[in-house]
Amino acid sequence: MATRLRESIKILFRYKSFIIGLFMIMFFVILSIYAIVIIPYDKAIRMWNSIEYWEDYPKLALPAWINSFSSKKLPEGTIILDSRKTELGITKSVQRIEFGGVGTLININMRFTYEYEDFPSEIALWFYVNTTEPMLIIITWVKPDGTEVLVYREVLSSYQYYRLTGDLEFISRFEARLISKLGKKPNYQIPSEIALFAKEDETILDKETVTPLKGKYQVKIKARTGDPKANLDVKINIYGKVYGLLGTDDRRRDLLIGILWGAPLALSFGVLASVATVLLQMIIAAIAAWYGGWVDHLISRINEVVMIIPFLPLLIMISYFYKFSIWTLLIVVVALSMFGPGVKTYRAMFLQVREMPYIEAAQAYGASNARIILRYMVPKILPTIVPNIVLAVPSFVFLEAALAILGVGDPQAITWGKILDEAYTGGALYWGRYHWILAPSLCLVLISIGFALMGFTLDRVFNPRLREM
Amino acid sequence: MLKYHRSREVMRIIRFIGIRTLIVAISLIIAIYLTVIVANMGGHIDKIMESEVKLRVYARLRNDPTWKALPAEERERIAQSRIQQELERLGLTQPFIVRSFKYLQDALTLNLGRALYITSGGGSKRIWDIILERLPPTVLLFTTANVLIFFAEILIGLTASRKYGSKLDKTIVGFAWLSSMPGWFYGIFLILIFAAWLRVLPYGGMVDAPPPEELHLYALSVLKHMVLPLASWLIAYIPIGAYSRRTFFLLFSMEDYVDYARARGVPPRIIERRYILRPTLPPIITSFVLTLIVSWMGAMVTERVFSWPGLGTLMREAIGINDAPVIIGVITIYAYLLAISVIALDIAYAIIDPRIRVGG
């Protein structure tokens, strides 16, 4: 038996398709191990479903390697200007003042270099104010050519989040300034992030010609309040347009993390479901064939009932009503598919096995029924079934994806199907965010081709009906 | 002697068909009953409806000034009696197990009743109206797809098996892995390429909005919307089908009687038609008919991806808002269709297959 197995494996490796398939699957296995090692599952889930964690990531960013193919260098990642961190280019001074009463004067200066050829996607500010007294905050933006833009002038007395992108008041103020400077109105509505980065000459008037200014920018923040113990910290996020290996989704999540953690889930779900289903089908078929009589009849009848029940709607109903975790789903899927056409085929095979002399011999020395079924009958046809197990893996991976697409998947788990569903419902196709759809899809493609190539080769080697023709 | 033989044969066929019909009928009943239980979440839906009724009654009473003026006990008594009335009207006073059999009986007699929430395009709540409105789009799309797949499979399979080892044959074997991915998945790619990128075909739906008035333009619009879903199914299901047909035909062409016919000098075309195709046709047709009926259930995911307004979409909507009567209705129709075709196929084979006729 062992030598025969070794022979078969040797033959398998003679097929290029098997080796390619094996490589693909090995790739995902390594990816899975890597995912499990660097981020534990519960941490990954918490991270994935959190909003705060992804605060500093650009929204719907394309993969960063796009830059090596595009003519324009797109801004990568996020430029984070945080006054709490004394990095290079950030200075902060807090002054107690005493003239006609007490107070605090805060000066924050932030400098950064911008060397990209396209505008940022979004700009947002956080004000951490630790006083309840009113505090006047003025932010001035200085472009590399010295132009100053008033960004913010507001009285705050508590924490505030301010999204500059989409602030119509700022934009109309900026446009008014532009008209007085250039004597003309731009022929499009200038978004805030273009306003802050564009060269302010004739080019800014047209959407096609507007270009960002490269060089050193400066943000000057001045604050004044009557509370002598007051403090202010400001974080400014200038979000880019590309990020990481796979980009981000509409909740700013790094798709790489999702894809990485999707691998172990896809592999374990597919393989476990496939192995469990086929083994159970085989055992049921063996029981039917071995006992015969009413047992056989009962199993055939159950089979017929199961074949009349529509599988997918039933599964969707059950998972919709009970909101399963992916592992409960696995059990339900196996339970629903352990009867069905497979049992019929295997039963026919076992009927032949039952008549073989070695079974009779086993019976003669008093082997129990369970022993005969599990140790003698099932192993006999196992080699012919192995290809089926391998070939069925992708169908279970896709079943999980289908449930996610229908909106009844595990609400917490990070699966490729779920990312695909979010991309699809998030309008990734309409908005041209193809990376969001392509990342999970290509993984599904690769994993299913990998198993299919292996499965077809295994089928050829273990079921040599057609080989000698 | 011959006459005696004939009548025995007929008796055998009738007996066989009778037993088969009985078995299928029992399966049908069990399957529908299971659906009734699952669709009502084992009675859980009733509790939801009951609390909805309570909520409704109290909300209505609270707006009633005369009720508000009554003493507390009296108010409570009135509320309870109203709730009781409402529950009786909805038939919720009987225990679930009793009603589950009533639902089963209604389903089996095709008395599908009324939907809880979903309405048809015309505003009807009758489940028959809703189903009959959603069935044609599904049948149109998936019957077309399956018929195309069926003929393509047989044609390609036959050609490949005729030229075993040829380039075509190798291509078919080489492309079988395409089928390891489902149709809806290709759908997403096709939408990406042809709708989002090239912008030549629609993203989804069945007709343009607003639908064209003239009939031929309407048909053209539907056709245009069918291209992508059809293509996605053809790509996904023809490769494996052609591959398995090819294997199937090859196995049959190795039978001794085929070799004998060849040796006798029977022309290859006739061998193909009479000696290979004819004996392999019954299982092929069986699988075709069953796939067809299963597909009428609406491929839920494909319909979702292409926003196709068919039965699959209806099912998804019904499950999404717990509309149990609609779910039971759709599955009942489906189970009936499946059961009837299984019996019809059994009868056809009982008449054709000599092994059944003479009791083999």
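Residues numbered from 1 in each chain as written. Chains lettered and ligands numbered in written order. Predicted model: local features only at pLDDT ≥ 70, side-chain atom pairs only at ≥ 80, totals over all residues. Heavy atoms only, no water.

1. Looking at the overall build of chain B
The helix and strand tally for chain B stands at 15 helices and zero strands. In summary, chain B has a C-alpha radius of gyration of 28 Å against a globular reference of 21 Å for 360 residues, an excess of more than 25%. Counting only C-alpha atoms and orienting by the principal axes, one finds that chain B spans roughly 100 × 70 × 40 Å. With 360 residues in all, chain B has 45% of them scored as buried. (Helix = DSSP H or I, 4+ residues; strand = E, 2+ residues; numbered from the N terminus. Rg over C-alpha atoms; globule rule 2.2 N^0.38 Å. Buried < 20%, exposed > 50% of the residue type's maximum accessible area, 1.4 Å probe, protein only.)

2. Focus on unusual backbone geometry
Backbone torsion omega between A209(B) and P210(B) reads -5°, so that peptide bond is classified as cis. Assignment of secondary structure puts P210(B) in the loop between helix 8 (183–197) and helix 9 (215–253).

3. Brief notes about the environment of L112(B)
Along the chain, L112(B) falls in the loop between helix 5 (96–108) and helix 6 (127–162). Those residues in contact with L112(B) that lie beyond four places of it in its chain are I127(B), W128(B), I131(B), G329(B), T332(B) and I333(B). (Contact = heavy atoms within 4.5 Å.)

4. Comments concerning helix 10 (residues 341–354) of chain A
Residues lying three or four places apart along an α-helix face the same way, a consequence of the helix completing one turn every 3.6 residues. Residues and elements named next belong to chain A. If you check helix 10, its first and last C-alpha atoms are 20 Å apart, about what 14 residues at 1.5 Å a residue would give, namely 20 Å. Listed as buried for helix 10 are G342, V343, Y346, F350 and V353. Down the axis of helix 10, the buried set is contained in an arc of 85°. They therefore lie on one face. Along helix 10, the residues that are exposed and aim more than 90 degrees away from the buried face are P341, K344 and Q352. Where helix 10 is buried, its residues touch helix 6 (255–291), helix 7 (293–308), helix 11 (357–364) and helix 12 (369–405). (Expected span 1.5 Å × (residues − 1). Arc of directions from axis to C-beta.)

5. A short note on the nonpolar core
Core analysis: the largest hydrophobic core is formed by 145 residues, its most contacted members being M317(A), W416(A), I437(A), I447(A), W184(B), F185(B) and I191(B). When residues in this core are grouped by element, the largest group, 13 residues, is from helix 14 (residues 434–462) of chain A. The residues touching I191(B), leaving out its near neighbours within four places in the chain, are Y424(A), L429(A), A196(B), Y203(B), L228(B), V305(B) and F306(B). Counting 48 residues, the second largest nonpolar core, distinct from the first, contains W141(A), L156(A), A230(A) and L232(A). (Core = buried A, V, L, I, M, F, W, Y, C linked by side-chain atoms within 4.5 Å.)

6. Description of the packing of aromatic side chains
All chains considered together, the criterion is met by 39 aromatic pairs over all chains. For the ring pair Y320(A) and F321(A), a centre distance of 5.7 Å and an interplane angle of 65° mean the geometry is edge-to-face. Take F321(A): its relative accessible area is 10%, and that puts it in the buried class. A ring pair is formed by F150(B) and F151(B), whose centres lie 5.2 Å apart and whose planes are at 75°; its orientation type is edge-to-face. What makes F150(B) buried here is its relative accessible area of 13%. We classify F151(B) as exposed; its relative accessible area is 53%. An aromatic cluster is defined as three or more aromatic residues linked by ring pairs; in this entry it consists of F112(A), Y114(A), Y116(A), W141(A), F197(A) and Y217(A). Here R84(A) stacks its cationic end above the ring of Y128(A), 4.1 Å away from the centre of that ring. (Phe/Tyr/Trp six-rings, centres within 6.5 Å; stacked < 30°, edge-to-face > 60°. Lys NZ or Arg CZ within 6 Å of the ring centre and 35° of its normal.)

7. Some details on a positive patch on the surface
All names here are of chain B. A contiguous patch of positive charge on the surface is contributed by R269, R273, R274 and R278. Within the secondary structure, R273 sits in helix 11 (residues 268–296). For R273, a relative accessible area of 55% puts it in the exposed group. (Patch = residues over 30% accessible without salt bridge, like charges linked within 9 Å, V, L, I, M, F, W, Y side chains within 5 Å. Areas by Shrake-Rupley, 256 points an atom, 1.4 Å probe, with all protein chains shown as cover. Salt bridge = Lys/Arg side-chain N within 4 Å of Asp/Glu carboxyl O. Lys, Arg positive; Asp, Glu negative; His and termini not counted. Charge placed at Lys NZ, Arg CZ, Asp CG, Glu CD.)

8. Some remarks on the sheet that holds strand 2 (residues 90–98) of chain A
In sheet architecture, strand pairing relies on hydrogen bonds along the backbone and comes in two forms, parallel and antiparallel. All names here are of chain A. What the five strands build is an open sheet, ordered 2-3-8-5-6; its pairing is antiparallel. The open sheet is flanked by strand 2 and strand 6 (148–156), the only strands paired with a single partner. With strand direction ignored, the average angle separating the axes of adjacent strands in the sheet is 15°. In terms of strand pairing, strand 5 (residues 135–142) meets strand 8 (residues 215–225) through eight bridges, oriented antiparallel. The residue bridging I139 from the neighbouring strand is I221, located in strand 8. (Pairing = 2+ DSSP bridges. Axes fitted to C-alpha atoms, helices over the stretch in contact; angles between N-to-C directions.)

9. Observations regarding the side chain of Q281(A)
Looking at the element boundaries, Q281(A) is found in helix 6. Once you skip the residues sitting within four places of it in the chain, Q281(A) turns out to touch S337(A), M338(A), F339(A), G342(A), V343(A) and Y346(A).

10. Notes on the pattern of salt bridges
All names here are of chain A. Scanning all chains against the criterion turns up 34 salt bridges over all chains. K235 is the salt-bridge partner of D56, the closest N and O atoms lying 2.8 Å from each other. Here D56, found in the loop between helix 3 (41–49) and strand 1 (78–82), pairs with K235, found in strand 9 (residues 232–239); they are 179 residues apart in sequence, far enough to count as distant. By relative accessible area, D56 is classed as partly exposed at 26%.

11. Focus: the confidence of the model for chain A
The share of residues in chain A with pLDDT of 70 or more is 98%, and the mean pLDDT across the chain is 89. Mean pLDDT per element in chain A: helix 1 (residues 2–12) of chain A is the minimum at 79, and helix 2 (residues 16–38) of chain A is the maximum at 94. (pLDDT = per-residue confidence, 0-100.)

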